[in-house]
Amino acid sequence: MAGGQATDYIVRRAQLPDREEVLSVVNSAFSRDEARPFDFLTILPYLFEPERIADQLVRIENGRIVGCVGLYPYEVRVGGVSFSAAGVGQVGTLREARGRGVMTSLLKAACRDADAAGYDFCWLGGDRLRYGRFGWAPGGLKGLFSFSERFLPDPPPEAEFRPFEPERDSEFVRDHLAHDPNTVVVEAGELGSVLQCENTGGWVSGDAFIAYRRRRHNVYLGGGTPEAIAGLLSHHLRWLKAQPEPHGDLTVECAMPPSPLMGACQRHYARMTIAPSGMFRVGPLTSFFEKACRVAQAKVGCGSGSVSLADSESGETVTVACRDGRLSVEPGGREDVYSLGRRELSEVCFGLCPLELHLPGLPEDSFLRRVLPLPVHWSRFFGV
């Protein structure tokens, strides 16, 4: 069937026997050059293991898979508070099946499953217009720091560092992430698989390390003292310049709250950009705001008031209140409820534009400005 809407299809979770066909579909959907075909097993192999294959939603027409969407559950920590979340990836349709609503049916199913599971939010990377129709909006927060030799310290002596070794250093990274208050939480076996992916590596010096992923000039993780991390960045830049193939600027992407990696960036960057860290779709409001208020409570020392928000699509209404500096959340609304669609709610909860664009009349000193937007950071190191 070419063009139009197919009516004879089913959408279901993938099963282990579907694995090779799922891989064939997504590799075909993402390949742009026949001479360099896409291969998800070299980029994201852990998403196609038996433990993860059922996280794929597939659309089947006449016994054949024509499209896929991955909905991968993860814990995400923001300010030390754990959120139930899911990353969305491998949004792909066979070329001959495009134009007949394959992706629409799959994304609707993914949204239904996410809401039914009670995920506080889902994230993805993609086109704002395309995914905005399903409730996603750009948001979160990340810092992008570029470096040059003039701004970095001298690299450590050769005897003081070594290349990152996945089997040797995975526990090292796991221990670091266990204490990171702003990270995607990855199970130990999957983390080991991530660290062994193509174009993933880094450097270690004593108790300090840095790690890059996908492109060797993009560093996403770093542990140790800020100066030790800066020394490893300096070595990495020198190493990059010695490689035969071209590379971009040495860049670190990290969460904005204070951390040793942020400390190294702040002291030594040449250029800096603050940007959304992805696209986010908020889930059930009560659960989300209970956790967002826990993240924000330390920043709210006084004040009183309440704001009621309603999801015009699901009908859920929630009131966020502040009484003498203590935040609380309760189901239901009070007077002057802000009724918004899912995309607008996602912009309010995660976006970087002024809150009053969707919440007109919100006082300048409203406590809600301490709660929103949630400064979640999705690190590309944990790709989906």
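None of the values given here were measured: they were computed from a predicted structure. (Residues numbered from 1 in each chain as written. Predicted model: local features only at pLDDT ≥ 70, side-chain atom pairs only at ≥ 80, totals over all residues. Heavy atoms only, no water.)

**Student:** Is there a simple way to think about the sheet that holds strand β16 (residues 305-311) in this case?
**Tutor:** Neighbouring strands of a sheet are bound in pairs by backbone hydrogen bonds; such pairs are parallel or else antiparallel. Spatial strand order, β18-β17-β16-β19: 4 strands in an open sheet with mixed pairing. The two strands at the open ends of the sheet, each matched to only one other strand, are β18 (326-331) and β19 (338-340). The sheet shows a mean angle of 20° between the axes of neighbouring strands, taken without regard to direction. Both strand β17 (residues 317-323) and β18 contribute to a ladder of 6 bridges, which runs antiparallel. Each residue of the ladder has a partner; that of Val318, found in β18, is Pro331. Strands in contact with helix α9 (residues 285-296) are β16, β17 and β18; relative to β18, the strand with the most contacts, it is inclined by about 180°. (Pairing = 2+ DSSP bridges. Helix = DSSP H or I, 4+ residues; strand = E, 2+ residues; numbered from the N terminus. Axes fitted to C-alpha atoms, helices over the stretch in contact; angles between N-to-C directions. Contact = heavy atoms within 4.5 Å.)

**Student:** How should the side chain of Arg342 be read in this particular structure?
**Tutor:** Relative to the assigned elements, Arg342 resides in helix α10 (residues 342-350). Take Arg342: its relative accessible area is 6%, and that puts it in the buried class. (Buried < 20%, exposed > 50% of the residue type's maximum accessible area, 1.4 Å probe, protein only.)

**Student:** What am I meant to see in the pattern of salt bridges here?
**Tutor:** Once the charged atoms of two side chains with opposite charge are near each other, the side chains can pair. Enumeration over the complete set of coordinates arrives at 25 salt bridges. Residues Glu158 and Arg238 are paired through a salt bridge, measuring 3.5 Å at the closest nitrogen-oxygen approach. Highlighted residues: Glu158 in the loop between β7 (142-147) and β8 (162-163) and Arg238 in helix α7 (residues 226-241), separated in sequence by 80 residues. Residue Glu158 is classed as exposed on the basis of its relative accessible area, which comes to 55%. Its relative accessible area of 36% is what places Arg238 among the partly exposed residues. In this structure, a network of salt bridges that share partners links the residues Asp115, Arg281, Asp311 and Arg342. (Salt bridge = Lys/Arg side-chain N within 4 Å of Asp/Glu carboxyl O.)

**Student:** Looking at this structure, how should I read the nonpolar core?
**Tutor:** Side chains of a nonpolar character, in soluble globular proteins, are inclined to be buried together. Phe121, Trp123, Phe288, Phe289 and Leu374 are the most contacted members of the largest nonpolar core, which has 98 residues in total. Those residues within four positions of Trp123 in sequence are excluded, and the remaining contacts are Tyr74, Val76, Ala85, Ala86, Gly87, Val88, Trp136, Val184, Met279, Phe280, Trp378 and Val384. (Core = buried A, V, L, I, M, F, W, Y, C linked by side-chain atoms within 4.5 Å.)

**Student:** When you look at the pairing of β17 in this model, what are you seeing that I'm missing?
**Tutor:** Look at any regular strand and the pattern is simple: side chains alternate between the two faces of the sheet. Burial analysis of β17 places 5 of its 7 residues in the buried class, the great majority of the element. Both β16 and β17 contribute to a ladder of 6 bridges, which runs antiparallel. Of the residues in β17, the one forming a bridge with Ser306 is Ala321. Taking the residues that link successive antiparallel strands as the turn, the β16-β17 hairpin has 5 residues, and the phi of Gly315 there is positive, at about 85°. Taken together, β17 and the strand that follows it, β18, pair antiparallel across an intervening segment of 2 residues, in which Asp324 is found at a positive phi of about 50°.

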